[in-house]
Amino acid sequence: MTFRKYLVLVGVAVFAVTGDSLVSRGMKQVGTISLHHLQDIILVVFRPEVALGVLFLMAFFACYMAALSWADLTYVLPTTSISFILLTLVAKFILHENVSVMRWLGVVLISIGIGFVTQGPALTPRPQPTESEECVAEMSARVEP
Amino acid sequence: MKQLYAWSAVATIVLTSCCGDVLLSRAMKQVGDVAELRRRSGLMTVAARTLRNPNFVLAIIAMATAFYAMLFGLSWADVSLVVPASTALTFVANAIAAKIFLHENVDHRRWIAAVLVGTGVILLAL
């Protein structure tokens, strides 16, 4: 695991939290969308918060896909759950919401979980053909009619 | 009856989002390390390889289904039940699915992590 790869994992969490929060804020400003005015759901994308939120969610998905290209699913999912911790910290210190003891306990459990998974390797080793083996396979394929 | 609706929504969300994650993980492993691939042959190759991968297309379909299942679930049932229950169970279900379908080496550290994160998510919602 390089520093860049850790940055991608942090990106997954940060972009997901930012995107979700922006979309949620934008949707609350719009209010209830009734089934009779379904065109509103398309127009809502042009609101600045929602548009910015969608951009962040696209960045989240790109980072998530990049992470899955070099790490196991069972490594990426627990490590990126750092987003729940970020969300709680934002709620407490930026939005000044009341965070209950239970929620802090949840944050502690998630942190321990992340600690456990990052102790191990990020990717399950797969038997990959070495260069000499590939060479032998190629040569035997040429010999056979 | 309402409980039954809520839990069937949770089951659908967990199943579809789990399928989505497993398929996306398989697709990206087939595409290969994107950073390395981009360095070697450019961003367009990465995009083309990903979009042409059948597992990627199936993953998007599964994730879209999960999204709509979540929307329907929320309109039928209590948010404070459906969201934490499906999020928490998805962590554990993904660990099981990754072991069976992706043959990932899910050792004790990863099992513990999946259970702790799942429990933590439930506590956050209390």
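Because the structure is predicted, anything quoted here is derived from the model rather than measured.

The subject of this paragraph is the overall build of chain A. When helices and strands are counted, chain A shows seven helices and zero strands. Counted from the first residue to the last, chain A has its helices and strands arranged as α-α-α-α-α-α-α. Within chain A, counting contacts between residues at least 6 apart in sequence, those at least 24 apart form 76% of the total.

Within chain B, the secondary structure is distributed over six helices and zero strands. If you list the helices and strands of chain B from N to C, you get α-α-α-α-α-α. Principal-axis analysis of the C-alpha atoms places the extent of chain B at approximately 55 × 35 × 25 Å. Relative to its full complement of 126 residues, chain B shows a buried share of 44%.

Formed by 68 residues in total, the largest nonpolar core has its most connected members in Val12(A), Cys63(A), Ala67(A), Leu68(A), Val22(B) and Leu24(B). When contributions to this core are tallied by element, the ones reaching two or more residues are α1 (3-30), α3 (48-70), α4 (73-80) and α6 (101-119) of chain A together with α1 (2-31), α4 (54-76), α5 (79-101) and α6 (108-125) of chain B. Among the elements that take part in this core, α1(B) stands out by supplying 12 residues, more than any other. Those residues in contact with Val12(A), other than ones at most four positions away along the chain, are Phe60(A), Cys63(A), Tyr64(A), Ala67(A) and Thr80(A).

Here we take up α4(B). Between its first and last C-alpha atoms α4(B) spans 33 Å; for 23 residues at 1.5 Å apiece the expected length is 33 Å, and the two agree. Here the buried face of α4(B) lies against α1, α3 (43-52) and α5 of chain B.

On to the interface of chain A and chain B. Listed by partner, the interface residues are 28 residues for chain A and 33 residues for chain B. At the level of elements, α3, α4, α5 (82-93) and α6 of chain A are the ones that each hand at least two residues to the side of chain A that touches chain B. Broken down by element, the side of chain A that touches chain B gets its largest block of residues, 13 residues, from α6(A). A breakdown of the residues in the side of chain A that touches chain B according to their chemical character gives 17 nonpolar, nine polar and two charged.

Turning our attention to the packing of α1(A) against α3(A). All names here are of chain A. Their axes nearest at 7 Å, the elements α1 and α3 cross at an angle of 155°. Between α1 and α3, the interaxial angle falls into the category roughly antiparallel. Judged by the twist between their axes, the crossing of α1 over α3 is left-handed. Residue composition of the contact of α1 with α3, grouped by class: 20 nonpolar, five polar and three charged.

Our next topic: α3(A). The end-to-end C-alpha separation of α3(A) is 34 Å, in line with the 33 Å expected for 23 residues at 1.5 Å each. Those residues of α3(A) lying buried are Val50(A), Gly53(A), Phe56(A), Phe60(A), Cys63(A), Tyr64(A), Met65(A), Ala66(A), Ala67(A), Leu68(A), Ser69(A) and Trp70(A). Where the residues of α3(A) are buried, they touch α1 and α4 of chain A together with α1 and α2 (34-41) of chain B.

Looking now at the confidence of the model for chain B. Residue and element names in this part refer to chain B. Residues of chain B with pLDDT of at least 70 account for 100%, and the chain-wide mean is 91. The weakest mean pLDDT in chain B belongs to α2 at 89; the strongest belongs to α6 at 93. In the predicted assembly, ipTM is 0.90 and pTM is 0.85.

Residue-level pLDDT values for chain A average 84, and 88% of them are 70 or greater. The lowest-confidence element of chain A is helix α7 (residues 131-143) of chain A, averaging 55 in pLDDT; the highest-confidence one is α6(A), averaging 94.

Bringing the environment of Leu4(B) into the picture now. Residue and element names in this part refer to chain B. The residue leucine 4 is located in helix α1 in this model. A count of 9 C-beta atoms within 10 Å places leucine 4 in the exposed class. For the pair leucine 4 and threonine 16, spaced 12 residues apart in sequence, the C-alpha separation works out to 18 Å.

Procedures and definitions
Residues numbered from 1 in each chain as written. Chains lettered and ligands numbered in written order. Predicted model: local features only at pLDDT ≥ 70, side-chain atom pairs only at ≥ 80, totals over all residues. Helix = DSSP H or I, 4+ residues; strand = E, 2+ residues; numbered from the N terminus. Contact = placed C-beta atoms within 7 Å. Buried ≥ 20, exposed ≤ 12 C-beta atoms within 10 Å, placed from the backbone. Core = buried A, V, L, I, M, F, W, Y, C linked by C-beta atoms within 7 Å. Expected span 1.5 Å × (residues − 1). Nonpolar A, V, L, I, M, F, W, Y, C, P; charged D, E, K, R; others polar. Axes fitted to C-alpha atoms, helices over the stretch in contact; angles between N-to-C directions. Parallel < 35°, antiparallel > 145°, perpendicular 65-115°, else oblique. Left-handed = near helix turned anticlockwise from the far one by under 90°. pLDDT = per-residue confidence, 0-100.

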